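As a plain string of letters, each chain reads:
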Amino acid sequence: MVAEGVDGTVTIKRRLSKKKVTAPASSYARGVTVELKQESPGDILDLERSRVVIYLEGTLPSRPISAEIVQEGRLFAPDTIAIPAGSTVSFPNHDPIFHNVFSLSKAKSFDLGNYSQNQSRTVHFSKPGVVFVNCHLHPNMTAAILVAPNAFVTTAGKDGKFNLSGVPPGEYTAVAWHRAAGFFRQPVKISASQTASLQFFIPLDEDGSIRSIARK
Amino acid sequence: MIMRFSTRAFLSSFLPFAFLLTASFWLIQHSVLSTVREGLRASLRETHASVARVQSRSNIHNNRFLRILGENATLKAGLQLVAVEPDSSAARLTLIDQLSELSGTLGFDLLAISDANDKPIGGVIRNGSKWTHLDGGGSVPQHAWPGEQGFLPIEGRTFQLTSIPVNLGDENLGRLTVGEVFDFAEFSSPTVLSRDGKLVQSSIPNVQAAELEAALRVCAPTAECEVRLAGTSYLSLPVETISLGDGYLLRSFQDVDAATGPVQNILAKVFLIAGAGALLAALILSAFSTRTIVQPLASVVRHLRESEDTHVLPEFSELPSSIPEIRELTTGFNRAAASIREGRMFLQRAYIGFVGSLASALDARDRYTSGHSHRVSQMATATAREMDLPENEIENIRIGALLHDIGKIGIPDAILQKPAALTKAEFDLIKEHPAIGRRILEPVGGFEDYLPIVELHHENWDGTGYPHGLRGDQVPIGARIVHVVDAYDAITTDRPYRPGKSHAEAVELLKRFAGTQFDSLAVEAFLNSATGHQNSSVQNLAAAIESSVPVTENVEHTT
């Protein structure tokens, strides 16, 4: 098997978004006192890195998949997914309360209506783009679906490492996207039996502007 | 009641003074205190009103804020969900869950929601940092469910509620009620919450509900009034700008005593000190004025009392006061004293004159002794003057010498004029004359000073004389002088049984018996005075004295 593809690292040195954490779903029983916390523990930069989506722009084939975003504890989980165009995403409700999943994004707008526990709705995403998903009943619930133009899309791991394999040789534009930081592009050339290496720095400058530094 | 003039003057000047001062200070204090109290009350009222204004402003603010809350889209969505799924507990739970999410950020202590028909759906209550769910059908009975406005007691706490409708366009979806714990501790002043005259909650310590209700019954619901509770007076104002609805009435109380107390205390202290000072000043002034008035009188009185003790007639040498009345008084006293003294002197002179004539008469009984008393008086006076005796003593000696032989009135002429030597019995009779003289003069007032001369002018220096045999200094100087002069005159005068001796012989005799019969000092003084101005009568009689009896005896016999 030829190992042509892209290996890379996403480096984030600062937190890019704040995540509000509400009560867990187990506390929905009546009359139970709920304790609210502001922030989940753990390395916030790990979380930020795993929210970075990397895909390639260019003439490449798509391969649709089926993905799932559950509603649990008044949150979408996971809150960021990347899918190739033409994929379907199901939205099962695991909470004992109603949710009303909807999106007003250009790439795909939909309203799944109110549905309660153990019910699910499915949405087909044919157009590439970013789709933000919200809940009518819970304004704090939000998820992002990046619909990539082709099958060569992945999310970075907690350590920031990502890998796209089986990319046909050619010249492409590698794109890194973070919901708060935006798009970061850099050209990548993939040769036969070669693994290109990419580095994405997704920092915020001191003045607050977003800038990307790409290195070979 | 007997009261000294000074006491009377002091009291009559001080008491009205003190009374007026006390009364005026009391009045001033009273009026100032009530003014201060009124002023403080006014400021309390003002503070009160401004607090109420601030509260009402925050209420309006709250209302606007609530309207925004009523426009919450997710809440509307939730209400719609419940309307669509009326039997779904999950739908209700969704709504309640939304409320707890809201309340986490809004800071209310209670949120509750009911549907378009005012049927309770549910709510949440803050409990410290935790939230308890309220179930519309369960833990809270229907009748206790929050109304539009008012108070809701749950789990030992009272919540003050406000509610707003949640509308979607023209359609009413339900009603959102928010509540805050009605915390009396937030009111800086004691507060009472009542509903239709019944006490709901009070933060006035140590006052029973019944007493409070009774006290507040007299207050008009919207009027300010003053009530006394547990011995403290409060100014009570309805916090009317907080609209509570449903018959609820919130009154706040201000402890008037506590507010006015410190100022009143200070004022009372100031007035007390000022009053005491004024009284003290009045006391001193009265004492001073009394002294000024009474002093001259007192000095007059003192003078009179002194004269009473010393038996000297009062006379005011210098006028003790510039006060005309006092001057008149003293002048009057002076005049009276002068006339009394004059009268007394006249009497004394008359008496002395009388006694002198008596003495002259006595002398006249016997040609040998004629002029004897006057001569002795003259010579004794000269001798006394020679001895530098005080003037009043000289005067006493002059009169005493004049009277010294007055006792001879009681001696028969036969003996006195016997032309021969006296027998022992006759001589003893003669020796009686000093005592007789004393007896004659003793009852006469003012003659006390002459008595020693009359009685003792025959006492000898060595104690051999009569009537008492006194010696030396025991005999007063006047009597000693008269003794010498009397002897001289007797020696130099003719007697029926012998002629008078010469001056020189008499002097010789006096010198010889000086220190035994006579006081040597008196003899010396007499001789000095006699040589200074020789008595003519002495010269004339010198011859007569030649044939005198032996001196010792003769001297013994002289009269």
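Refer to the preceding data block for the structure.
In this report, the structure presented in the accompanying data block is examined. (Residues numbered from 1 in each chain as written. Chains lettered and ligands numbered in written order. Predicted model: local features only at pLDDT ≥ 70, side-chain atom pairs only at ≥ 80, totals over all residues. Heavy atoms only, no water.)

Further remarks concern the pairing of strand β10 (residues 232-238) of chain B. All names here are of chain B. Of all the seven residues making up β10, seven are buried; the element is thus mostly covered by neighbouring parts of the structure. With burial as the criterion, each face of β10 is covered, one bearing Thr-232, Tyr-234, Ser-236 and Pro-238 and the other bearing Ser-233, Leu-235 and Leu-237. From the end of strand β9 (residues 225-229) to the start of β10, which pair antiparallel, there are two residues, and Ala-230 there has a positive phi angle of about 50°. Across five bridges, the pairing between β10 and strand β11 (residues 248-255) is antiparallel. Looking at the pairing, Pro-238 lines up with Arg-251 of β11. (Buried < 20%, exposed > 50% of the residue type's maximum accessible area, 1.4 Å probe, protein only. Helix = DSSP H or I, 4+ residues; strand = E, 2+ residues; numbered from the N terminus. Pairing = 2+ DSSP bridges.)

We now examine the sheet that holds strand β6 (residues 80-84) of chain A. All names here are of chain A. Here five strands make up an open sheet; going across it, the order is β6-β12-β11-β8-β9 and the pairing mixed. Taken across any chain shown, the strands that pair with only one partner, and hence form the sheet edges, are β6 and β9 (109-115). Neighbour to neighbour, the strand axes of the sheet diverge by 20° on average, direction disregarded. As paired elements, strand β8 (residues 99-104) and strand β11 (residues 129-135) share two bridges and run antiparallel to each other. Paired with Phe-102 across the two strands is Asn-134, which belongs to β11. (Axes fitted to C-alpha atoms, helices over the stretch in contact; angles between N-to-C directions.)

Note on placement: Asp-79 of chain A falls in the loop between β5 (75-77) and β6. A polar contact of 2.8 Å, which involves the side chain of Asp-79 of chain A, links it to the side chain of Arg-51 of chain A. (Polar contact = N/O pair within 3.5 Å; in protein donor to acceptor, adjacent residues only side chain to side chain.)

The next point concerns a nonpolar patch on the surface. A surface patch of nonpolar side chains, amounting to about 280 Å² of accessible area, comprises Leu-280, Leu-283 and Ile-284 of chain B. On the basis of relative accessibility, which here comes to 35%, the residue Leu-283 of chain B falls in the partly exposed class. (Patch = residues over 30% accessible without salt bridge, like charges linked within 9 Å, V, L, I, M, F, W, Y side chains within 5 Å. Areas by Shrake-Rupley, 256 points an atom, 1.4 Å probe, with all protein chains shown as cover. Salt bridge = Lys/Arg side-chain N within 4 Å of Asp/Glu carboxyl O.)

In this model helix α13 (residues 477-492) of chain B runs 23 Å from its N-terminal to its C-terminal C-alpha over 16 residues, within 8% of the 22 Å that 1.5 Å per residue would give. Among the 16 residues in α13 of chain B, 16 count as buried, and that is most of the element. (Expected span 1.5 Å × (residues − 1).)

Right, let's get into the pattern of salt bridges. As enumerated under the stated definition, the model contains 16 salt bridges over all chains in all. Between Asp-79 of chain A and Arg-51 of chain A there is a salt bridge, with the nearest N and O atoms lying 2.8 Å from each other. One end of the pair, Asp-79 of chain A, is in the loop between β5 and β6; the other, Arg-51 of chain A, is in the loop between α1 (44-50) and β2 (53-57), and 28 residues separate them in sequence. The same class applies to Asp-79 of chain A and to Arg-51 of chain A, which are both buried. Measuring nitrogen to oxygen at the nearest pair gives 3.3 Å for the salt bridge that ties Arg-385 of chain B to Glu-391 of chain B.

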